Amino acid sequence: MTLNYDNIFNEVSESPEQDLLDKECSDLMIEIHKTLDLRNAPIKTIVQALGVTPAQARNLANGITEKFTSYELQTFLQRLSPDIN
């Protein structure tokens with residue numbers, strides 16, 4: 001199988017700016033998953049660790065990141081790893 005593109009975000013984003021934001025959010029989610037396994041952690045653990053509501057925790061666990069800004073995802077990552085700026 002050969003792909004006709006190098007970056008999936010270029011193909012699915014509406015603009016170059018949105019492309020960058022989508023990639024940033026994806027990168028932040030990867031870092032969050034390195035610290036807290038969102039798919040296997042109990043919702044209560046996610047709520048406590050990230051300071052989110054249960055509904056937000058379920059969205060994160062299900063990979064629904066479009067409901068969060070990059071700033072929010074950065075905040076979640078900082079809550080998990082306070083040493084990260």
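Note that the structure is a prediction, hence the values are computed from the model and not measured. (Residues numbered from 1 in each chain as written. Predicted model: local features only at pLDDT ≥ 70, side-chain atom pairs only at ≥ 80, totals over all residues. Heavy atoms only, no water.)

Visitor: An account of the nonpolar core is needed here, citing residue identities and associated values.
Guide: Counting residues in each nonpolar core, the largest one holds 18 residues, and the members touching the most others are I32, L38, I46, L50, L60, L73 and F76. Every element with two or more residues in this core is listed here: helix 2 (16-35), helix 3 (43-50), helix 4 (54-61) and helix 5 (70-80). Beyond its immediate chain neighbours, meaning those up to four positions away, L60 contacts M29, L38, L50, F68, L73 and F76. (Core = buried A, V, L, I, M, F, W, Y, C linked by side-chain atoms within 4.5 Å. Buried < 20%, exposed > 50% of the residue type's maximum accessible area, 1.4 Å probe, protein only. Helix = DSSP H or I, 4+ residues; strand = E, 2+ residues; numbered from the N terminus. Contact = heavy atoms within 4.5 Å.)

Visitor: Can you tell me about the packing of aromatic side chains, naming the residues and giving the values?
Guide: Applying the stated rule across the entire model yields 1 aromatic pair. Taking the centre distance of 5.7 Å and the plane angle of 75 degrees together, the rings of F68 and F76 count as edge-to-face. Here F76 falls in the buried class, since its relative accessible area comes to 5%. (Phe/Tyr/Trp six-rings, centres within 6.5 Å; stacked < 30°, edge-to-face > 60°.)

Visitor: I'd like to hear about the environment of K23, residue by residue, with values.
Guide: You can see K23 is positioned in helix 2. For the pair K23 and S70, spaced 47 residues apart in the sequence, the C-alpha separation amounts to 9.7 Å.

Visitor: Go over the pattern of salt bridges with me, naming the residues and quoting the values.
Guide: Oppositely charged side chains can form a pair if their charged atoms are brought close together. Evaluated as defined, the whole model comprises 2 salt bridges. Residues K23 and D27 are paired through a salt bridge, measuring 2.9 Å at the closest nitrogen-oxygen approach. With a gap of 4 residues between them, K23 and D27 both fall in helix 2, about one helical turn apart. Looking at K23, the relative accessible area reads 36%, which means it is partly exposed. On the accessibility criterion, D27 (36% relative accessible area) is partly exposed. Here K34 and E31 are joined by a salt bridge, their closest N and O atoms 3.1 Å apart. (Salt bridge = Lys/Arg side-chain N within 4 Å of Asp/Glu carboxyl O.)

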